[in-house]
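Breakdown of the fold
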Amino acid sequence: MTKTLRDLRPVYVVGIGLHPYRRATDESYAALGLHAVREALDDAGLRFEAVQSVYTGTAQLGMAASRPMLRYLGATGIPMVQVENASASGSTAVRQACLEVASGISDVALALGVDKPAPIRLAPDDVGVIDLAQGRIAPFTHFALLANHYMLRHGATPEDVARVAVKNSRNAALNPYAQRTKARTLEEVLAPPWIAGTLTRLQCCPVGEGAAAVLLASEEAVERLQLMRSRAVPILASTLATERPGEGGAGDDAELTRSTAIAALDQAAVSAQALDVVEFHDAFAIEELLYTEAIGLCGEGEAAAALYRGEFDIGGRCAVSPSGGLLGMGHPLGPTGVGQICEITRQLRGEAGPRQQPSARLGLAHMVGIGSVCVVHVLGAPD
Amino acid sequence: MLEPQDLIGTGILEAYATVHLHPGGEIETPFTIGVIALDGGPCIRATLTCEEDSGLRPGARVEARLVALGDSEELRFAPVNEGGNGT
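The paragraphs below set out a description of the structure included in this document. (Residues numbered from 1 in each chain as written. Chains lettered and ligands numbered in written order. Predicted model: local features only at pLDDT ≥ 70, side-chain atom pairs only at ≥ 80, totals over all residues. Heavy atoms only, no water.)

In terms of regular secondary structure, chain A is built from 12 helices and 12 strands. A globule of 383 residues ought to have a C-alpha radius of gyration of about 21 Å, and chain A, at 19 Å, matches this closely. Reported as C-alpha extents along the three principal axes, the dimensions of chain A are approximately 55 × 45 × 45 Å. Across the 383 residues of chain A, 60% fall into the buried class. Considering only intrachain contacts with a sequence separation of at least 6, the fraction spanning at least 24 residues in chain A is 78%. Per element, the accessible surface of chain A, about 14600 Å² overall, is 53% carbon and sulfur. Mean positive and mean negative side-chain charge positions of chain A (32 and 41 charges, respectively) differ by 4 Å. (Helix = DSSP H or I, 4+ residues; strand = E, 2+ residues; numbered from the N terminus. Rg over C-alpha atoms; globule rule 2.2 N^0.38 Å. Buried < 20%, exposed > 50% of the residue type's maximum accessible area, 1.4 Å probe, protein only. Contact = heavy atoms within 4.5 Å. Areas by Shrake-Rupley, 256 points an atom, 1.4 Å probe, with all protein chains shown as cover. Lys, Arg positive; Asp, Glu negative; His and termini not counted. Charge placed at Lys NZ, Arg CZ, Asp CG, Glu CD.)

Each helix and strand counted, chain B has zero helices and five strands in total. Beginning at the N terminus, the succession of helices and strands in chain B can be written as β-β-β-β-β. Counting across all 87 residues of chain B, residues that qualify as buried make up 34%. Split by element, the accessible area of chain B, about 5400 Å² in all, is 49% carbon and sulfur.

The next point concerns the side chain of Ser89 of chain A. Residues and elements named next belong to chain A. The residue Ser89 is located in helix α3 (residues 89-103) in this model. The exposure class of Ser89 is buried, given its relative accessible area of 0%. Within the structure, Ser89 has its side chain in polar contact with the backbone nitrogen of Asn85 (distance 2.7 Å). Here the side chain of Ser89 touches Ala86 through a polar contact of 2.6 Å, landing on its backbone oxygen. (Polar contact = N/O pair within 3.5 Å; in protein donor to acceptor, adjacent residues only side chain to side chain.)

What follows covers the pattern of salt bridges. Residue and element names in this part refer to chain A. Tallied over the entire structure, the rule returns 27 salt bridges over all chains. Across the pair Glu343 and Arg355 runs a salt bridge, and its minimum N-O distance is 2.7 Å. In this pair, Glu343 is assigned in helix α12 (residues 334-349) and Arg355 in the loop between α12 and β11 (362-369), connecting sequence segments 12 residues apart. Of the two residues examined, Glu343 and Arg355, each falls in the buried class. Connected through salt bridges with shared partners, the residues Arg9, Asp107, Glu220 and Arg224 form a single ionic network. (Salt bridge = Lys/Arg side-chain N within 4 Å of Asp/Glu carboxyl O.)

Quick look at the packing of aromatic side chains now. Summed over the entire model, instances satisfying the criterion amount to two aromatic pairs over all chains. The interplanar angle of 25° and the centroid separation of 5.3 Å between the aromatic rings of Phe143 of chain A and Phe284 of chain A together place this pair among those described as stacked. Residue Phe143 of chain A is located in helix α4 (residues 139-154), and its partner Phe284 of chain A is located in the loop between β9 (277-279) and α9 (285-294); the two are separated by 141 residues in the primary sequence. Given the relative accessible area of 8%, Phe284 of chain A is considered buried. The interplanar angle of 50° and the centroid separation of 6.0 Å between the aromatic rings of Phe280 of chain A and Tyr291 of chain A together place this pair among those described as tilted. Here Tyr291 of chain A lies in helix α9 and Phe280 of chain A lies in the loop between β9 and α9, a separation of 11 residues in the sequence. Pair check on accessibility: Phe280 of chain A and Tyr291 of chain A agree, each one buried. Lying across the ring of Phe31 of chain B, Arg136 of chain A places its NZ or CZ 5.8 Å from the centre. (Phe/Tyr/Trp six-rings, centres within 6.5 Å; stacked < 30°, edge-to-face > 60°. Lys NZ or Arg CZ within 6 Å of the ring centre and 35° of its normal.)

All names here are of chain A. Read across the open sheet, the 10 strands follow the order β3-β2-β4-β7-β1-β8-β12-β11-β9-β10; overall the sheet is mixed. The strands lining the two open edges of the sheet, one partner per strand, are β3 (80-83) and β10 (319-320). With nine bridges joining them, strand β1 (residues 11-22) and strand β7 (residues 209-218) adopt antiparallel strand pairing. Its bridge partner lying in β7, Arg22 is registered against Glu209. This element, helix α8 (residues 252-268), spans β8 (233-242), β11 and β12 (373-380) of the sheet and lies at about 145° to β8. (Pairing = 2+ DSSP bridges. Axes fitted to C-alpha atoms, helices over the stretch in contact; angles between N-to-C directions.)

Moving on: the pairing of β1 of chain A. Residues and elements named next belong to chain A. For β1, the buried fraction is high: 10 of the 12 residues fall into the buried class. As paired strands, β1 and β8 are joined by two bridges and run antiparallel to one another. Bridge assignment links Val13 to a residue of β8, and that residue is Val233.

Residue and element names in this part refer to chain A. Within α9, 10 of the 10 residues are buried, which leaves it mostly tucked inside the rest of the structure. Of the residues making up α9, those classed as buried are Ala285, Ile286, Glu287, Glu288, Leu289, Leu290, Tyr291, Thr292, Glu293 and Ala294. A positive phi of about 90° marks Gly296, the residue just after α9.

Moving on: the interface of chain A and chain B. Every contact between the two is made by 20 residues of chain A and, on the other side, 22 residues of chain B. With both chains or domains summed, chain A and chain B bury close to 1800 Å², and 66% of this area falls on carbon and sulfur atoms. Summed over the three residues of chain A that lose the most area to chain B, namely Leu132, Arg136 and Leu145 of chain A, the buried surface amounts to 38% of that side. For the pair chain A and chain B, the number of links is one salt bridge. Ionic pairing is found between Arg136 of chain A and Glu74 of chain B, a salt bridge with its closest N-O pair at 2.7 Å. At the surface where chain A touches chain B, the tally comes to eight residue pairs in polar contact (both at pLDDT 80 or more). Listing elements by their share of the side of chain A that touches chain B, those giving two or more residues are α4 and β5 (194-196) of chain A. Take the side of chain A that touches chain B: its biggest share by element is nine residues, from α4 of chain A. (Buried area = accessible area lost by both parts, 1.4 Å probe.)

What follows concerns the environment of Asp252 of chain A. Residues and elements named next belong to chain A. The topology assignment puts Asp252 in helix α8. Residue Asp252 is classed as partly exposed on the basis of its relative accessible area, which comes to 27%. Spatially, the C-alpha atoms of Asp252 and Ser372 are 8.5 Å apart, while their sequence positions differ by 120 residues.

Our next topic: a nonpolar patch on the surface. Where nonpolar side chains cluster on the molecular surface, the patch consists of Ile120, Leu122 and Ile370 of chain A and spans about 270 Å² of accessible area. Counting through the fold element by element, Leu122 of chain A comes out in the loop between β4 (108-115) and α4. (Patch = residues over 30% accessible without salt bridge, like charges linked within 9 Å, V, L, I, M, F, W, Y side chains within 5 Å.)

This is the structure in structure tokens:
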């Protein structure tokens, strides 16, 4: 008989830390990662010696990233592993650390994401099947096609799609860790350069460098290490799934999101309507409309109108990507999914300052990655 | 086990996007990619013969054509002209 996270012992996010996402610099990945881990240790009130296991999400650093970076905090001999799952690398590192604490193998685990831009090599290009489009479908073209299909299906306009980037730029302008720091108007978002289809540059996420860290702890560790219970955010669900062929009119990414999110909401025994904050994989503006509908925050074809009414603003019925999302905060790959958990934790603690969603009690973090893979976590408010 | 299967080279254009920027610089832009529901299935994505999407309409019938590119040929799709037999 298999088990879900809910059947295992409770896991709490007890510390969060970030290095701001930004354009690539000469600073080493180790300096970025250490910055985020030190901030997370300070936030938790923990020393590195308390950490029993590390999962580092990275898609671009190459082999063996963890120990050469973390030895500066103490060569304690603990297990360290790199996790690669395309855009969902960081989310997958969180999941692995979460499962390790939930199972009882570790009491305190660190999930870290760190990356710097580098030439990307994609294994799917090498499986030996000829691509009919001869390599002409980059990720933004894939989503430009989904945008065109969405607009045709629901009578939506390029402005409807662009408003996602307007909202998320407004949120990012309030986030000191964000790569894009300006709140943009609809005119600015719609302005060239065009990338693919109706997607302009500001409707595509920036890929830079950065780091994010979360410390996860068991109930026993919260007690033993005298951590602040009022700031310990429980992880209520963790799900990971891969694409099955030919599902759904909204596209495979939306269908994969729907099934993975429903499994997570079921695991947490909550409904989508109860969510107060959500962080989506909005690498391209159309994705937020697709996923908002896919997880059931609104009906099919209703996301653009609900967004226009402000329902997904901070202060609306559910704040969607209050961090600024991938569009505003940025998408440095490895850190992104870990950074989402940092934002949801901050929101559920009531510590998000000008980005705070009032009375946030329930949050969901979602990433998809090339493959396709999808990872969803549901988090609750501290006891 | 994967097995080769013959497909029909005609279908319906469901969606499209003109690409203005492509990573790497080896592929010239603009070009246009279409989502095509082939007669008899499945739904595929392929390069269209037109560079830009002006003049395309969703629901249009399209057909496969071999396009000469230097020394080689590539399979692309083009709208079927009114009165064409579509084969």
